[in-house]
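Structural overview for review
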Amino acid sequence: MAKEKKQRVAKEPGRITQMVQIYHNTKQHDRNLTLMLLLSFIAPLALAILAAWLLGGGVFGWILWPITGVLVGVLLVMIVLGRRAEAVAYRQLEGRPGAVGAVINGALRRSWRGSEVPVAMNRSQDAVYRVVGRGGVVLIAEGPAQRTRQLVVKEETQLKRMLPGVAITTLQVGPDEGSVPLPKLSRTLTKLKPVLRRAEGVTVHNRLVSMKADPVGIPKGIDPTRLRG
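Residues numbered from 1 in each chain as written. Predicted model: local features only at pLDDT ≥ 70, side-chain atom pairs only at ≥ 80, totals over all residues. Heavy atoms only, no water.

**Looking at the environment of Arg-130**
- Following the sequence through the fold, Arg-130 ends up in strand E3 (residues 127-133).
- According to the relative accessible area criterion, Arg-130 is buried, its value standing at 14%.
- In the structure, Arg-130 is positioned 14 residues away from Glu-116 in sequence and 9.0 Å away in space, judged by C-alpha atoms.
- Contacts of Arg-130, omitting those with residues within four sequence positions, involve Arg-113, Gly-114, Ser-115, Val-119, Val-137, Val-138, Leu-139, Leu-159 and Leu-208. (Helix = DSSP H or I, 4+ residues; strand = E, 2+ residues; numbered from the N terminus. Buried < 20%, exposed > 50% of the residue type's maximum accessible area, 1.4 Å probe, protein only. Contact = heavy atoms within 4.5 Å.)

Okay, structure coming up:
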């Protein structure tokens, strides 16, 4: 047991290795990545040196301010790298069947529960996903509204029968005007008005899972873990 744990830990890449991998993967699709990271690191360091020169403080000030600048610069580099990597991942996923499932699986806030497996799907691989959180039950339609409307109505009717009194919201992710852009899906969910307490959300989610029959398969060709990097 102990040997297996050690081998597993040894195989898992460290945080720095992961950051380097993310950098190389993102750089292939983002030409300005290196420049933005350099600016993110140099700007706070330059401001810290300027503060040390203006405010003085002797040797202590010339040590403290540059160290602070370096720490802030490293933090900014990590934030900028993460956001630009996420933007690249969204661009690669947008418009592909199963993109909403990838967001649910990899970028959904902890206050929401859902699955990358759609609850309904048609032959055109348009799908409807379901998540539960403080904003109630949300059906997320993926694809043109005209093709997903019937799927959404059917699922909404079933939910109203199973969960009377629970708020049900529908979001559309697709090419139609007024649809929610894929990168803003997670943020849109968090902005919904809270109607359920955390315990109530867990209860509703568990009830839906227990009452649902065989789930719909994931559309072929989608990688639900793409956003986890």
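**Examining helix H4 (residues 58-93)**
- Compared with an ideal rise of 1.5 Å per residue, which puts 36 residues at 52 Å, H4 spans 53 Å between its outermost C-alpha atoms and is within 8% of the ideal.
- Residues of H4 that are buried include every one of Gly-61, Pro-66, Gly-69, Gly-73, Val-80, Leu-81, Ala-85, Val-88, Ala-89, Tyr-90 and Leu-93, and no others.
- Against the buried residues of H4 lie helix H2 (15-27), helix H3 (33-55) and helix H5 (99-106).
- One or two residues past the end of H4 sits Gly-95, with phi positive at roughly 90°. (Expected span 1.5 Å × (residues − 1).)

**What about a nonpolar patch on the surface?**
- Side chains of Leu-47, Ile-49, Leu-50, Trp-53, Leu-54, Leu-55, Trp-62 and Trp-65 sit close together on the surface and give an oily, nonpolar patch of about 900 Å² of accessible area.
- If you list the elements that add at least two residues to the nonpolar patch, you get H3 and H4.
- Among the elements that take part in the nonpolar patch, H3 stands out by supplying 6 residues, more than any other.
- Tracing the sequence through the fold places Ile-49 in helix H3.
- For Ile-49, a relative accessible area of 39% corresponds to the partly exposed category. (Patch = residues over 30% accessible without salt bridge, like charges linked within 9 Å, V, L, I, M, F, W, Y side chains within 5 Å. Areas by Shrake-Rupley, 256 points an atom, 1.4 Å probe, with all protein chains shown as cover. Salt bridge = Lys/Arg side-chain N within 4 Å of Asp/Glu carboxyl O.)

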